[in-house]
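Structure assessment
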Amino acid sequence: MALAKLPPLSGGNRFNSFDGPSYRLNGKEHPLPPPNALKPYVDIKAGELDTWPAHASSQSVTAASAVLTKNKSLVLVKDEDMGKAQIVPKPRFLEQLENFLKKELRALGVVDVQPSDLRLQAHREVFEYLIEDFKTYKPLLSAIKNEYEMMLGYQRQQIRQLEPLKQMLVTVSEQCEHKIMALREEEREEMTSLKKVNRELHSRISGLLNQQEDLKEQVSRLQTKLEEEYHKYREECDARKLLVADINDLRYQQEDYLASKNAAILNQDTEEDPVILKIALQKSREAEKSATQRLNEMVANYGDVIPRRDFEQLQGKFKELEDKYETSLQDFRKLQAEHNALLDIQKQVVQKRDEFYIELETLKRSSTPRPNWEKCSDYVQGGATRWQQLSEGKRSNELVDVLLQEIQSGGTGDTVGTDYFDPLGTGPEVPIYLRTTEPVRNRRLSKRDAVLLIRDVWKSKSAKDAERTDGKRQNMGEFFYEYLKARFPIEQLVIEWGYNMDDACLRYAHDDVIGLFGRILTEKADEEIYHSQVSSLYGLQTHMLKFDVSQGNVGTLSPDDFKKCLAEFFQLSGDEQSLTDMFKAATIELEISDEVPIEYKSLFMEDDEGKTGPFLEEVKKFQQARKDEYLNDIKEQLGNTDPVSLDDLRRAISITDPEITNEKVLDYLAWAFNTTKDGLKDVNPLDQAAIFERLQNGNILRVGKK
């Protein structure tokens, strides 16, 4: 029996020329191999199959062993003499089949035992080979295979039939959600209009009540004024009566005087008869009595009488007020009736609202919540602008397809569906690890693989820089090229990994670890930023460790000691908010209360992707805030100076940070103007925006206190 060397499947599909059943993988149809697909690669003669017991090992052992004696001489001893049991070797045919299967699985990249069409295809090839070569069992094995194939086909058909039901369920869920939102919006608009009408009615009622109170007040004032006028009239009437009485008395006196004077004259002329005088006096007294009686009757009858003109005027005003009061009373009754009707309607609306709310809660419990698709903008290449373009006018089901397509393509818009990168050429402007003129294979590097490679690059570069005698750091682009050459001996693989790493840095630019490495690799950011962050976190951990050792080395810090340690390391005198935020982040990460001791060592751990916990994220945010504050102070010192010269920036930095050393100022200036310290004397003024963009990507920190 001889088993020929089987060619790998990774170079392409060897069964493209066959017609027959196929399987679907990653959106493409792949044909199933025919039963005799492996026949050209295996040469086996019938009747030459090895027998192999189930208890036998897969390893073959020699029949003799080498033994070292006391005098250090080598002696060969047979295994039977030493009492060792002979191990039956595995048949060559079985071993070659297993090796072929392992090789195929490894070439297809499906070594892990997980459901996969590729694994099924590899095992199908081996099984087809067994069916062809085991003639005796071929009908039974073929029947078993056909049953499995029929069942797989039936299951695939069932899945295809259930897909529309799934989509219909999503559609019905969205329709229900839209109906609920429409009902809620309609209810909200109706409630708003009813509340508005209710407020208007309350305002009208309040206005009418105020108007009624005003009318009552006017009536009261008019009554008071009428009473005053009546008193004035009575006084004037009494005065007139007294005046009339005085006039009558004077007239009577005048008449008596004239009568007495005439009588005296007549008496002088003729002697008057006393009887006549007595009768005249009596008549006069009767006339005076009658006049007095009439006068009293007039006073009694017309004492309370007012002028007719005033009476008619007051009567007209009273009638007008009475009409207005009746109108107001009718309007009030109508408004009251409408208000009661509105109250009834409101009760019905509240009842319907409660019913809709109960229905809404029931639907919420029975349906899935609507996802917040805006969160995806932080993980898609191009940010919120590109995600808005991708998601505009799409439903949730379509957004899922878009997101899956982005995940499959790695999140880039230019490399969707492309298997190769376009070469950038070999010019001096192209980084050394990207110089090629041939298309480069797109591996679609995952985020985890990119982070693992970046961590290894940083580790290797730190060790390499520590060996340098000049104290300077090697350029990241040059080191990265040397690193890839050391790891991958083939030049094509070096360029391939360089392009894939460059593509991963673009796709995952939002990630702190990958984004910073990408900016340093393209010389857009200073490498010292990374080393400064590492040094700062290591210093903080060391400071906490020293504090713990001074407290007895128990592995934890009390909340007060933890805050004190943070305040001492970051010099947080007066900045209670930042201290509170970092302490809260630590308690959230450890899932403890504010009174429980803090296991500070757990706060400095990171996962495989380089992600840190909320505490270190808050520390990095605090350090970035300090850097932004420092740059804003420098910007305030510069004011409206644009463009900015070397002396202007030097003066602004010195004023903002008086304790900074001259060496540090030169480092900042060299980075800001993108030159060396020796080349600072030849630099030209630059735009203020360009200067601060460079400073933002540099290791710019305040040396002294603010």
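A brief report on the enclosed structure follows. (Residues numbered from 1 in each chain as written. Predicted model: local features only at pLDDT ≥ 70, side-chain atom pairs only at ≥ 80, totals over all residues. Heavy atoms only, no water.)

Notes on the overall build of the protein
A tally of regular secondary structure across the protein gives 18 helices and eight strands. Within the protein, the fraction of its 706 residues that count as buried is 27%. Counting every atom, the protein has about 47800 Å² of accessible surface; 53% of that belongs to carbon and sulfur. (Helix = DSSP H or I, 4+ residues; strand = E, 2+ residues; numbered from the N terminus. Buried < 20%, exposed > 50% of the residue type's maximum accessible area, 1.4 Å probe, protein only. Areas by Shrake-Rupley, 256 points an atom, 1.4 Å probe, with all protein chains shown as cover.)

A short note on the nonpolar core
As a rule of thumb, soluble globular proteins bury nonpolar side chains together. Counting 34 residues, the largest nonpolar core has V457, M476, F480, L484, M501, I514 and F517 as its most contacted members. For this core, the secondary structure elements donating two or more residues are α8 (447–467), α9 (476–487), α10 (491–507) and α11 (512–521). What F517 contacts, discounting residues up to four positions off in sequence, is I454, V457, W458, M476, F480, M501 and C505. (Core = buried A, V, L, I, M, F, W, Y, C linked by side-chain atoms within 4.5 Å. Contact = heavy atoms within 4.5 Å.)

Considering the packing of aromatic side chains
Inspection of the entire model under this criterion finds nine aromatic pairs. Consider the rings of F480 and F517, whose centres lie 6.0 Å apart with planes at 75 degrees: the pair is edge-to-face. Remark: F517 occurs in helix α11 and F480 occurs in helix α9; sequence separation between them is 37 residues. Take F480 and F517: they sit in the same class, and that class is buried. Taken together, the ring pairs connect Y433, W458, F480, F517 and Y530 into an aromatic cluster. Directly above the ring of F692 sits K635, whose terminal nitrogen or CZ lies 5.8 Å from the centroid. (Phe/Tyr/Trp six-rings, centres within 6.5 Å; stacked < 30°, edge-to-face > 60°. Lys NZ or Arg CZ within 6 Å of the ring centre and 35° of its normal.)

Some thoughts on the environment of V402
On the secondary structure map, V402 appears in helix α7 (residues 396–409). By relative accessible area, which is 11% here, V402 ends up buried. In this structure, the C-alpha to C-alpha distance between V402 and S391, residues 11 residues apart in sequence, is 7.9 Å.

Remarks on the pattern of salt bridges
The final tally for this structure, using the stated rule, is 19 salt bridges. A salt bridge links E320 to K324, with the nearest nitrogen and oxygen atoms 3.6 Å apart. Pair noted here: E320 and K324 are both in helix α5 (residues 308–366), with a separation of four residues, about one helical turn. Residue classification places E320 among the partly exposed residues on the basis of a relative accessible area of 45%. K324 gets classed as partly exposed once you look at its relative accessible area, which sits at 39%. The residue K461 makes a salt bridge to D465 at a minimum N-O spacing of 2.9 Å. Within this pair, K461 and its partner D465 are both found in helix α8, separated by four residues, close to a single helical turn. (Salt bridge = Lys/Arg side-chain N within 4 Å of Asp/Glu carboxyl O.)

Here we look at unusual backbone geometry
Even without being a glycine, R444 presents a positive backbone phi close to 50 degrees. Along the chain, the position of R444 falls in the loop between β8 (440–441) and α8. Since its relative accessible area comes to 29%, R444 is described here as partly exposed. The phi torsion at E523 lies on the positive side, around 60 degrees, for a residue other than glycine. Tracing the backbone through its elements, the reader meets E523 in the loop between α11 and α12 (528–550).

Let's talk about a nonpolar patch on the surface
Where nonpolar side chains cluster on the molecular surface, the patch consists of L162, L165, M168 and V172 and spans about 370 Å² of accessible area. Positionally, L162 belongs in helix α3 (residues 138–269). (Patch = residues over 30% accessible without salt bridge, like charges linked within 9 Å, V, L, I, M, F, W, Y side chains within 5 Å.)

Points about the packing of α10 against α11
Taken N-terminus to C-terminus, the directions of α10 and α11 make an angle of 120 degrees; their axes are 8 Å apart at the nearest point. Our classification of the angle between α10 and α11 gives oblique. Once α10 is placed against α11, the crossing between them reads as left-handed. Residue-level inspection shows M501, A504 and C505 of α10 in contact with α11, the latter providing I514, F517 and G518. Classifying every residue of the contact of α10 with α11 by side-chain character gives five nonpolar, one polar and no charged. (Axes fitted to C-alpha atoms, helices over the stretch in contact; angles between N-to-C directions. Parallel < 35°, antiparallel > 145°, perpendicular 65-115°, else oblique. Left-handed = near helix turned anticlockwise from the far one by under 90°. Nonpolar A, V, L, I, M, F, W, Y, C, P; charged D, E, K, R; others polar.)

A closer look at α5
Taking 1.5 Å as the rise per residue, α5 with 59 residues should run 87 Å; its terminal C-alpha atoms sit 85 Å apart, in good agreement. Buried within α5 we find L321, S328, L335, H339, L342, V349 and L360. (Expected span 1.5 Å × (residues − 1).)

As for helix α14 (residues 576–590)
In this model α14 runs 21 Å from its N-terminal to its C-terminal C-alpha over 15 residues, within 8% of the 21 Å that 1.5 Å per residue would give. Turning to α14, its buried residues number three or more, namely S578, L579, M582, F583, A585, A586 and T587. Summarising the contacts, the buried residues of α14 are in contact with α13 (559–570) and α15 (614–638). One or two residues past the end of α14 sits E591, with phi positive at roughly 55 degrees.

A closer look at the packing of α14 against α15
Helix-helix packing is characterised by the crossing angle of the two axes and by the distance between the axes. Close contact between α14 and α15 brings their axes to 7 Å; oriented N to C, the two are set at 160 degrees. With respect to each other, α14 and α15 are oriented roughly antiparallel. Touching S578, D581, M582, A585, A586 and E589 of α14 are P614, F615, E618, V619 and F622, all from α15. Across the contact of α14 with α15, the residue classes break down as seven nonpolar, one polar and three charged.

Digging into the side chain of E496
Here E496 is to be found in helix α10. E496 gets classed as buried once you look at its relative accessible area, which sits at 6%. Setting aside chain neighbours within four positions, we find E496 in contact with V440, R441 and R443.

Observations regarding the side chain of K627
Tracing the backbone shows K627 in helix α15. Although K627 is buried, it forms no salt bridge, and the closest oppositely charged side chain is D628 at an N-O distance of 6.6 Å. (Lys, Arg positive; Asp, Glu negative; His and termini not counted.)

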